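Next come the chains, spelled out residue by residue.
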Amino acid sequence: MSLADFAAQNGLARVGARPPLGIYLKEVLKRRQFIYSLARFRIESENQRNRLGMGWVVLRPLINAAVYGLIFGILLGSKNRPEDFVSFLIIGVFLFEFFSTAFNNGAKSITSNNALVQSLSFPRMALPMSSVTQQFLNFLPTIPIMLILVMIMGTMPKLQWLLLIPLCATFYVFNAGLALITARLTVHFRDLNQLLPFVTRLLFFTTGIFFSFEQRFSEHTTALRIIDFQPIHEFLSLGRAIVLGGPTYPIPTEYWLYSSVWALVMFGIGAVFFWAAEERYGRTD
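Since the model is a prediction, treat every value here as computed from it, not as a measurement.

Colleague: Can you tell me about the overall build of the protein chain, naming the residues and giving the values?
Modeller: Each helix and strand in the protein chain was counted, giving 14 helices and 0 strands. Reading the protein chain from its N terminus to its C terminus gives the helix and strand order α-α-α-α-α-α-α-α-α-α-α-α-α-α. Across the 285 residues that make up the protein chain, the buried fraction comes to 45%. Summed over its atoms, the accessible surface of the protein chain is roughly 15,400 Å², and 64% of this surface lies on carbon and sulfur atoms.

Right, here's the structure in full:
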């Protein structure tokens, strides 16, 4: 009898072996309290380093909105600016802030926690999930601030604002799937960490944060059709339609389907892609 046969007969498994996908996901789900607690601990740890603490969670998107509003709304003012431009910009910046922080921090969740990965046995998927959860918890307090600012700009509260709940949940799933993909890629290609800020910046300037695709490409129906399937644009458009509403910003019902499919497919691909390299994480070679 070989050692492998003896181990299998006695229910022994190789240390660090990758379990089947179903069992692996169940193990991740069992550690949901660990994922949440780790996210909360990191938030508290980061806040203790700054005098304003949690205030920076709100101030960061506010400052971004003010800076880009000044540059693109006043200094480079355009006659083709979207209606309710300030509110349009605020919603775009606040939603994109969640995406960009989850994208960048999720990608580093394995490489920046080598000591933890090499010391303890647990499903490594918990780390990128915790990173995205941390950014989601940071994002939640900014939503009331965003709505208050929009009301100051003249938008009245609407019952449809409750649709922000499923939108944010879907956005979380999408970002989690993307983080799982990039978290594995940065393990294989460490230099990718240096490129991620440029990718984020490119997406910021090409996703319609401070301009309307519908106005900019109004005469190019093919381009508009392609843009319809850009996931970040879908989430931003839904957020603006939910908050601003009215004939100017009707809710594109097909975007609910598109964004939901993007979220589920991205998370499914991300989970399988990340799980496939489970035994690779924590190696020093």
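Okay, back to it.
Colleague: Just give me the short version of unusual backbone geometry, but keep the residues and values in it.
Modeller: Phi at Asp84 takes a positive value of approximately 55°, unusual for a residue other than glycine. Along the polypeptide, Asp84 turns up in the loop between α4 (55-75) and α5 (85-107). With relative accessibility at 41%, the residue Asp84 sits in the partly exposed group.

Colleague: Provide a residue-level description of the packing of α5 against helix α9 (residues 164-188), including the pertinent values.
Modeller: Contact pair α5 / α9: the axes reach a minimum separation of 7 Å and the direction vectors enclose 30°. Regarding the angle of α5 to α9, the classification is roughly parallel. Where α5 crosses over α9, the handedness of that crossing is right-handed. Contact with α5, carried on its side by Leu95, Phe98, Phe99, Ala102, Phe103, Gly106 and Ala107, involves Phe171, Tyr172, Phe174, Asn175, Leu178, Ala179, Thr182, Ala183 and Thr186 of α9 and no other residues of that element.

Colleague: Tell me about the nonpolar core, residues and numbers included.
Modeller: Formed by 68 residues in total, the largest nonpolar core has its most connected members in Phe99, Met125, Met146, Phe174, Ile209, Val243 and Phe274. Element by element, the count of residues in this core is highest for α5, at 14 residues. Every residue in contact with Met146, bar those within four places of it in the chain, is listed here: Ile90, Ile91, Phe94 and Val243.

Colleague: Tell me about the pattern of salt bridges, and name the residues and values.
Modeller: Per the counting criterion, the structure on display carries 3 salt bridges. The salt bridge partner of Glu27 is Arg31, with a shortest N-O separation of 2.8 Å. According to the relative accessible area criterion, Glu27 is partly exposed, its value standing at 25%. For Arg31, a relative accessible area of 24% translates into the label partly exposed. With its nearest N and O atoms 3.6 Å apart, the salt bridge here joins Arg225 to Asp228. Among the charged side chains, a network of salt bridges with common partners joins Glu27, Lys30 and Arg31.

Colleague: Residue-level account of α5, with values.
Modeller: The end-to-end C-alpha distance of α5, which contains 23 residues, comes to 32 Å, matching closely the 33 Å that a straight helix rising 1.5 Å per residue would cover. Among the 23 residues in α5, 21 count as buried, and that is most of the element.

Colleague: Help me get a handle on the side chain of His233, residues and values and all.
Modeller: Tracing the backbone through its elements, the reader meets His233 in helix α13 (residues 231-244). Sequence-distant contacts of His233, that is, excluding residues within four places in its chain, are made with Thr207, Phe213, Glu214, Ile227 and Tyr255.

Colleague: So, the packing of aromatic side chains: which residues are in play, and what are the values?
Modeller: Following the criterion strictly, the structure yields 15 aromatic pairs and no others. With a centroid separation of 5.3 Å and 85° between ring planes, the pair formed by Phe204 and Phe205 is classed as edge-to-face. A relative accessible area of 8% means that Phe204 is categorised as buried. Considering the side-chain rings of Phe229 and Tyr258, the 4.8 Å spacing of their centres and the 35° angle between planes classify their relative orientation as tilted.

Colleague: Account for a nonpolar patch on the surface, with residues named and values stated.
Modeller: On the surface, a nonpolar cluster with roughly 440 Å² of combined accessible area is contributed by Val86, Ile148, Met151, Ile152 and Met153. Among the elements that make up the nonpolar patch, the one with the highest residue count is helix α8 (residues 142-152) (3 residues). Locating Ile148 in the fold gives a position in helix α8. For Ile148, a relative accessible area of 41% corresponds to the partly exposed category.

Criteria and thresholds
Residues numbered from 1 in each chain as written. Predicted model: local features only at pLDDT ≥ 70, side-chain atom pairs only at ≥ 80, totals over all residues. Heavy atoms only, no water. Helix = DSSP H or I, 4+ residues; strand = E, 2+ residues; numbered from the N terminus. Buried < 20%, exposed > 50% of the residue type's maximum accessible area, 1.4 Å probe, protein only. Areas by Shrake-Rupley, 256 points an atom, 1.4 Å probe, with all protein chains shown as cover. Axes fitted to C-alpha atoms, helices over the stretch in contact; angles between N-to-C directions. Parallel < 35°, antiparallel > 145°, perpendicular 65-115°, else oblique. Left-handed = near helix turned anticlockwise from the far one by under 90°. Contact = heavy atoms within 4.5 Å. Core = buried A, V, L, I, M, F, W, Y, C linked by side-chain atoms within 4.5 Å. Salt bridge = Lys/Arg side-chain N within 4 Å of Asp/Glu carboxyl O. Expected span 1.5 Å × (residues − 1). Phe/Tyr/Trp six-rings, centres within 6.5 Å; stacked < 30°, edge-to-face > 60°. Patch = residues over 30% accessible without salt bridge, like charges linked within 9 Å, V, L, I, M, F, W, Y side chains within 5 Å.

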